[in-house]
Amino acid sequence: MIPDHEDIGIGSFACAFGDVECKPENIPDFEALWETVSFGTDFAEMGCTTYRKMSGPAEDYVVDSVRRTLRLAGVSAGEVDHLVFATSDPALALVPPDFASRVLLALGMEGCVPHVVSFQRCCSSLTALQHGERLFADPDVTNVAVVAFDFMPEDRDRVRSYAVFGDAAASCLLSRTGSGLVRLLSSAIKTDPEGLRGRDTFVSRKDVAERTLSAVLRAGGRRPEQLAKVFAANLHKPLTLFNATSVGLQPDTVHFADTLALYGHCGNADWMINLLDYHERFGIQSGETYLAQSLAPGFYACGLLEGLAQ
């Protein structure tokens, strides 16, 4: 899809990581768990040395992240019309029924409308970004905040196929003023039926990635060689680079290794974490094209972004 509102800027990215730093190898029975879910894969090659764990309720970190975003944007809580939450299916099942209202009240957003996007696993946040952009079809909407969060209370549950999960929240602000770091050119998510059945293969994963990437590039009027940087999911490093190469992405454009080492795979927050990390270290450039990407068993999502003048 191509956004109908080209004047919508996306910026003020902020992150709130779990405050307890942990090492994967200290998880009970870590080696056996890793071998079970990532059979025959050397964990040392993954590139994850630490992960972060939340010591308090997830809502505290969500509030912290959104509050930082508003402060960076110079926008008051009362000026935000909608707050879009994105999280994976397991995390959604863990939040209390009044989660959204507690977050809104803590932020002072009494007049803000909450939304939640989930059931797309770690790809939900890119759909949330697309949903947030579509809310500007209402001419009265001025600002929309998007916050992605994922967390796992049990350490043993963090060890998944080719990933070690960390806890984090990441947020950004969509604004009608057109100011920000980037704008959304196009976005798409597609399913891998074999992945939904738990039988995904290299062939099925490659197919869904090619279909999604092709749709986004076509809708955004861009070619693969025009991608300045890819903000990838923080998964097993060799696998991530191999998957990128298999669909025509250049390995040297994929930005994820340093945040993977520090924070592990933070689910829906990964692409925002990596975009912010890249911007702080190198700077998002006006007119350059960037790709935000996420994948999970059964899903592949990506969003094409264009850098805005700072």
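Just so it is clear, the model here is predicted, and its values are computed rather than measured.

Rules behind the numbers
- Within each chain, residue numbers correspond to sequence positions counted from 1 in written order.
- Only residues with pLDDT of 70 or above have their local features reported here, since the model is predicted, and side-chain atom pairs are shown and tallied only from 80 upward, although totals for entire chains, interfaces and linings are computed over all residues.
- Hydrogens and water are ignored here; the side-chain numbers use all heavy atoms of the structure.
- Here the term cavity refers to a set of points on a 1 Å grid, laid over the protein atoms alone, in which a 1.4 Å probe fits but cannot get out; the term pocket refers to an open set having protein on both sides within 12 Å along at least five of seven lines, with lining residues being those that place an atom within 4 Å of a point.
- Grid points are joined across faces, edges and corners, and a volume is the space filled by probe spheres set on the points.
- Secondary structure elements follow DSSP: runs of H or I of four or more residues count as helices, runs of E of two or more count as strands, with numbering from the N terminus.
- Note that Gly is not counted as nonpolar here; it falls among the polar residues with everything else outside the nonpolar set of Ala, Val, Leu, Ile, Met, Phe, Trp, Tyr, Cys and Pro and the charged set of Asp, Glu, Lys and Arg.
- Burial classification: accessible surface area is computed with a 1.4 Å probe over protein chains only, and a residue below 20% of its type maximum counts as buried, one above 50% as exposed, and the rest as partly exposed.
- Note on pairing: DSSP must find at least two bridges between two strands before they are called paired.

## Things to note about the layout of surface pockets
With a probe scaled to a water molecule rolled over the atoms, the places where space remains empty come into view.
Thought 1: Considering only enclosed or pocket space, the largest pocket measures out at about 930 Å³ in volume.
Thought 2: Taken together, 41 residues form the lining of the largest pocket, with Ser 161, Asp 200, Leu 295, Ala 296 and Pro 297 sitting closest to its centre.
Thought 3: Among the elements of the structure, helix H3 (89-94), helix H7 (202-220), helix H8 (237-246), strand E13 (289-296) and strand E14 (299-307) are those that each provide at least two residues to the lining of the largest pocket.
Thought 4: Its residues assigned to classes, the lining of the largest pocket shows 24 nonpolar, 10 polar and seven charged.
Thought 5: Considering only enclosed or pocket space, the second largest pocket measures out at about 270 Å³ in volume.
Thought 6: If you go around the second largest pocket, you meet 16 residues; those closest to its centre are Gly 11, Ser 12, Leu 72, Ala 73 and Gly 180.

## Quick word on the pairing of E13
Thought 1: With respect to burial, E13 is a largely interior element, eight of its eight residues being buried.
Thought 2: Side chains Thr 289, Leu 291, Gln 293 and Leu 295 project from E13 onto one buried face, and the interleaved Tyr 290, Ala 292, Ser 294 and Ala 296 project onto a second face that is buried too.
Thought 3: As judged from the four bridges shared by strand E11 (residues 227-231) and E13, these two strands associate in the parallel manner. Across the sheet, Leu 227 pairs through a bridge with Thr 289, a residue of E13.
Thought 4: Sheet analysis places E13 next to E14, joined by eight bridges and oriented antiparallel.

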